[in-house]
There are 2 protein chains.
Amino acid sequence: MKEEGFTQHHISRQFNIELSELRNQFLSMGGLVEEQLANAITALVTRDYHLAKRVATSDYKVNALEVMIDEESRIIIARRQPTAIDLRLVMAVIKTITDLERIGDEAEHIAQMALQTEGEASDKYFIAVNHLGDYVRSMLHDALDAFARLDTESALQVIHESIKVDGEYESISRQLLTYMMEDQRTIPVILNILWSARALERVAAHSRNICEYLIYLVKGKDIRHTSLETVEEQALHTR
Amino acid sequence: MKEEGFTQHHISRQFNIELSELRNQFLSMGGLVEEQLANAITALVTRDYHLAKRVATSDYKVNALEVMIDEESRIIIARRQPTAIDLRLVMAVIKTITDLERIGDEAEHIAQMALQTEGEASDKYFIAVNHLGDYVRSMLHDALDAFARLDTESALQVIHESIKVDGEYESISRQLLTYMMEDQRTIPVILNILWSARALERVAAHSRNICEYLIYLVKGKDIRHTSLETVEEQALHTR
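Being a predicted model, the structure only gives us computed values, none of them experimental. (Residues numbered from 1 in each chain as written. Chains lettered and ligands numbered in written order. Predicted model: local features only at pLDDT ≥ 70, side-chain atom pairs only at ≥ 80, totals over all residues. Heavy atoms only, no water.)

### Considerations on the overall build of chain A
Here is step 1 of the chain: What chain A contains, in helices and strands, is 8 helices and 0 strands.
Here is step 2 of the chain: Seen in sequence order, chain A has helices and strands lined up from the N terminus as α-α-α-α-α-α-α-α.
Here is step 3 of the chain: Looking at the 239 residues of chain A, the share that counts as buried comes to 60%.
Here is step 4 of the chain: If you take every contact in chain A between residues at least 6 apart in sequence, the share linking residues at least 24 apart comes to 79%.
Here is step 5 of the chain: For chain A, the accessible area works out to roughly 9,500 Å², and carbon and sulfur atoms hold 50% of it. (Helix = DSSP H or I, 4+ residues; strand = E, 2+ residues; numbered from the N terminus. Buried < 20%, exposed > 50% of the residue type's maximum accessible area, 1.4 Å probe, protein only. Contact = heavy atoms within 4.5 Å. Areas by Shrake-Rupley, 256 points an atom, 1.4 Å probe, with all protein chains shown as cover.)

Set out below in structure tokens:
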């Protein structure tokens, strides 16, 4: 990981240290969120009550990290009064940890669905959501990796992936709907799986946000909420 | 509205103007989001296709405002290098407009559900979600009002309300579930209403975030993700 991206050889060696610490805190929050998401999906698909319980009761760790990193960022801004790329970096961290915190919430939500689904349902209902889970997990991983390496091309890849997720989510919803129509006794369980699929779709959207912020950070131009074409154009110009 | 809260009589008159500008931009983004939410709920409950279409195609305005306000904030930080309460204000704005933008997304989501539900369903399915909608709308309004007046007591009120919403959402889910079990032909329509209820529950959570940030802003202490007791204690000490 080219840490130089984060520490621009400042006059102040201390400032360099603070910036790379901020980066490391961001990455460890990302690591924790990845773990929460992975465990939540496993807990749902394998109906592992104890694992689900652990995820549902560990979200506070993610929240505590967000609060700490916000505070760190505020102190850096107040003390170092960063400008240009440094300020954009700090702002990108402030904004993207909100996405990480929300991903933590979605993982907790999936874990709660798992707690309600315990034991009950036939495995076939979980195949598609499990596949979507793997897909979204690797998206999140790639987004964090791109952020760590300030790699706008990988970020663009993730943005592409996030579009595929929408289609995948739609087809899962349709499939689960037919299961419910066939046998209404399955409705309560299927609903939990539907909620979980929706949560995964949200995680994909948050991973996309992180990548758009990365491009903003590197390009110094905000490409959020713009068409993919524009995003691509922006990202290519950062090469 | 006591604007002094936002403009602390700085040496620089220009800085005062910039801060109250930032405040006004935040409030106009809030106003737009309120309007989007109100229209989305009306569109769903009255099955108004054209209104739903309008909400679904207006979300870009909210997104554009978020990008603009982020940029404004970055410029203020870079140019004025605010500290203490000023910096906390700018950070509170940077964080809370993310909640406003997400509320805009939820409104768009409800509008999309309305587009799919057009004409089809019996009115009785919409009574509860309509009531929840009114409730959540007034929560959002109070949250924005509290932010505008830097009123931590009102903020605390909203945080209290947000807890009631969870119970309301649970009972709506149970009620809609029974409708689906009784007659599976209703499943597709009821699902749209369920998604909308969930979206409203998210709006309540975002309104709560805004109030927690307000208390952070006034108190200078972060009370997010803490128990209501702690939040109360914090808020009372701001009197």
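### So, the environment of Asp166 of chain A
Residue and element names in this part refer to chain A.
Here is step 1 of the chain: Among the secondary structure elements, Asp166 is positioned in helix 6 (residues 152–182).
Here is step 2 of the chain: The exposure class assigned to Asp166 is partly exposed, which follows from its relative accessible area of 39%.
Here is step 3 of the chain: As a C-alpha pair, Asp166 and His141 span 25 residues in sequence and 18 Å in three-dimensional space.

### Digging into the relation of the copies chain B and chain A
Here is step 1 of the chain: With an RMSD of 0.0 Å, the fit of chain B onto chain A corresponds to turning through 180° and sliding 0.0 Å along the axis. The symmetry that links the two subunits is that of a two-fold axis. Relative to the rotation axis, the C-alpha of Gln81 of chain B is the closest in chain B, positioned 2.9 Å from it.
Here is step 2 of the chain: With an isologous cut-off of 70% or more, the 100% of interface residues of chain B that recur at the interface of chain A puts this contact in the isologous class. (Least-squares fit on C-alpha atoms with pLDDT ≥ 70 in both.)

### A short note on helix 5 (residues 127–149) of chain A
Here is step 1 of the chain: Compared with the 33 Å implied by 1.5 Å per residue over 23 residues, the 33 Å span of helix 5 of chain A between its first and last C-alpha is a close match.
Here is step 2 of the chain: Where helix 5 of chain A terminates, the next one or two residues include Leu150 of chain A, which has phi positive at roughly 50°. (Expected span 1.5 Å × (residues − 1).)

### Overview of the UniProt feature "domain: PhoU" (unreviewed entry) in chain A
All names here are of chain A.
Here is step 1 of the chain: On the UniProt side, "domain: PhoU" (unreviewed entry) is annotated at positions that read residues 27–113 and 130–213 here.
Here is step 2 of the chain: Secondary structure within residues 27–113 divides into 91% helix and 0% strand; the distance between the first and last C-alpha atoms comes to 27 Å.
Here is step 3 of the chain: Taken as a whole, residues 130–213 contains 93% helix and 0% strand, while its terminal C-alpha atoms sit 28 Å from one another. (UniProt positions renumbered as here; feature names shortened; annotations may be inferred.)

### Quick look at the environment of Leu144 of chain B
Residue and element names in this part refer to chain B.
Here is step 1 of the chain: Tracing the sequence through the fold places Leu144 in helix 5 (residues 127–149).
Here is step 2 of the chain: Residue Leu144 is classed as buried on the basis of its relative accessible area of 6%.
Here is step 3 of the chain: Sequence separation of Leu144 and Leu214 is 70 residues, and the distance between their C-alpha atoms is 9.7 Å.
Here is step 4 of the chain: Those residues in contact with Leu144 that sit more than four places away from it in its chain are Phe26, Leu27, Gly30, Glu34 and Leu100.

### Re helix 1 (residues 13–45) of chain A
Here is step 1 of the chain: Over its 33 residues, helix 1 of chain A runs 48 Å from end to end, which matches the ideal 48 Å to within 8%, given 1.5 Å per residue.
Here is step 2 of the chain: The first or second residue beyond helix 1 of chain A is Arg47 of chain A, which carries a positive phi of 50°.

### A few points about the packing of helix 2 (residues 49–56) of chain A against helix 4 (residues 84–117) of chain A
All names here are of chain A.
Here is step 1 of the chain: Taken N-terminus to C-terminus, the directions of helix 2 and helix 4 make an angle of 145°; their axes are 8 Å apart at the nearest point. As helix 2 packs across helix 4, the resulting crossing turns out to be left-handed. Across the interface between the two elements, Tyr49, Ala52, Lys53, Val55 and Ala56 of helix 2 pack against Ala107, Glu108, Ala111, Ala114 and Leu115 of helix 4.
Here is step 2 of the chain: Tallied by class, the residues present in the contact of helix 2 with helix 4 amount to 8 nonpolar, no polar and 2 charged. (Axes fitted to C-alpha atoms, helices over the stretch in contact; angles between N-to-C directions. Left-handed = near helix turned anticlockwise from the far one by under 90°. Nonpolar A, V, L, I, M, F, W, Y, C, P; charged D, E, K, R; others polar.)

### Describing unusual backbone geometry
Here is step 1 of the chain: Backbone geometry places Gln81 of chain A, a non-glycine residue, at a positive phi of 45°.
Here is step 2 of the chain: Although it is not a glycine, Arg47 of chain B adopts a positive phi angle of roughly 50°.
Here is step 3 of the chain: By the element assignment, Arg47 of chain B lies in the loop between helix 1 (13–45) and helix 2 (49–56).

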